[in-house]
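# Topology and contacts: notes
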Amino acid sequence: NAGVMQNPRHLVRRRGQEARLRCSPMKGHSHVYWYRQLPEEGLKFMVYLQKENIIDESGMPKERFSAEFPKEGPSILRIQQVVRGDSAAYFCASSPRLAGESGYTFGSGTRLTVV
Amino acid sequence: QQQVKQSPQSLIVQKGGISIINCAYENTAFDYFPWYQQFPGKGPALLIAIRPDVSEKKEGRFTISFNKSAKQFSLHIMDSQPGDSATYFCAASKSGNQFYFGTGTSLTVIP
């Protein structure tokens, strides 16, 4: 049973380009969460999705960032017109139901570097 | 505003010693408190979790102590081993969808 799969593991983008981060949840998990981790800091919540629905996007920056979890395929976190401050590790997590009952399973993350 | 405050930032413990990491929270609506372990280049992995209706939970060498009145909880690692060297994060959640993480504790266990 594969865990949460994130790709790519490392992504380098120039300022102004777009970054697309992909996340395939664990089999049987229908809840997906995205977190951002800056160096020497904890994880910050960005967005919570279920299939075809954004449930809570209170942690998403208002501009340039978007997320989706389509009926088929992985969840995508999209960052348009990246800036140096977007450089961070982005982690996806999944759970079979609300995570407060069982906790999350995290992927290994995508490390985004904006040059 | 940091919803969950974690200390210390770093910790060095001798092999066989006890590692203690502390967290404090403000929001009394939090109802789930997990601890995560993260190795370099990896995602955080759930270590142990507790709900506020119990004061202590033990799994192997790992114990969570929970003080509801003080709004504090801590992780104790007994008989610490070099393989325990990692970054540990406490977290808190209400209703399960969004977790608030502490800033992490870098633990080094020296042989």
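This section reports on the structure supplied with the text. Just so you know, these numbers come straight off a predicted model, no measurement behind them.

Turning next to the nonpolar core. One recurring pattern in soluble globular proteins: nonpolar side chains tend to sit buried together. With 24 residues, the main nonpolar core has B:Phe33, B:Trp35, B:Phe73, B:Leu75, B:Tyr88 and B:Leu107 as its most contacted residues. Elements with a minimum of two residues in this core: strand 2 (10–14), strand 3 (19–25), strand 4 (33–38), strand 5 (45–50), strand 7 (62–67), strand 8 (72–77), strand 9 (86–93) and strand 11 (105–110) of chain B. In terms of residue count, strand 9 of chain B provides more of this core than any other element does, four residues in total. Beyond its immediate stretch of four places on either side in the chain, B:Tyr88 contacts B:Gln6, B:Ile21, B:Tyr36, B:Gln37, B:Leu47, B:Leu75, B:Ile77, B:Gly104, B:Thr105 and B:Leu107. In terms of nonpolar packing, the next biggest core, distinct from the first, is built from 23 residues, A:Leu49, A:Ala88, A:Tyr90 and A:Val114 among them.

The subject of this paragraph is the environment of A:Arg14. Residue and element names in this part refer to chain A. Checked against the element boundaries, arginine 14 lands in the loop between strand 2 (10–13) and strand 3 (19–24). For the pair arginine 14 and threonine 113, spaced 99 residues apart in sequence, the C-alpha separation works out to 8.4 Å. When sequence neighbours within four positions are dropped, the list of residues in contact with arginine 14 reads Val82, Val114 and Val115.

The tally for this structure, following the rule as stated, stands at 23 aromatic pairs over all chains. Relative to B:Tyr36, the ring of A:Phe106 has its centre 5.5 Å away and its plane inclined at 85°; by these criteria the two rings are edge-to-face. Residue A:Phe106 is located in strand 10 (residues 105–106), and its partner B:Tyr36 is located in strand 4; the two belong to separate chains. Side by side, A:Phe106 and B:Tyr36 carry an identical accessibility label, which is buried. Chaining the aromatic ring pairs together yields one cluster made of A:Tyr33, A:Tyr35, A:Phe45, A:Tyr48, A:Phe91, A:Tyr104, A:Phe106, B:Tyr32, B:Tyr36, B:Phe99 and B:Phe101.

Residue and element names in this part refer to chain B. In strand 11, alternate side chains face the same way, and those of Thr105, Leu107 and Val109 are buried while those of Ser106, Thr108 and Ile110 on the opposite face are not. Two strands pair when backbone bridges link them, and strand 2 and strand 11 are joined in this way by five bridges, in the parallel orientation. What sits directly across from serine 10, in strand 11, is serine 106. As defined by bridge partners, strand 9 adjoins strand 11 across three bridges and the pair is classed as antiparallel. Residue tyrosine 88 lies in a different strand from strand 11, and its bridge partner there is threonine 105.

Cut-offs used in this document
Residues numbered from 1 in each chain as written. Chains lettered and ligands numbered in written order. Predicted model: local features only at pLDDT ≥ 70, side-chain atom pairs only at ≥ 80, totals over all residues. Heavy atoms only, no water. Core = buried A, V, L, I, M, F, W, Y, C linked by side-chain atoms within 4.5 Å. Buried < 20%, exposed > 50% of the residue type's maximum accessible area, 1.4 Å probe, protein only. Helix = DSSP H or I, 4+ residues; strand = E, 2+ residues; numbered from the N terminus. Contact = heavy atoms within 4.5 Å. Phe/Tyr/Trp six-rings, centres within 6.5 Å; stacked < 30°, edge-to-face > 60°. Pairing = 2+ DSSP bridges.

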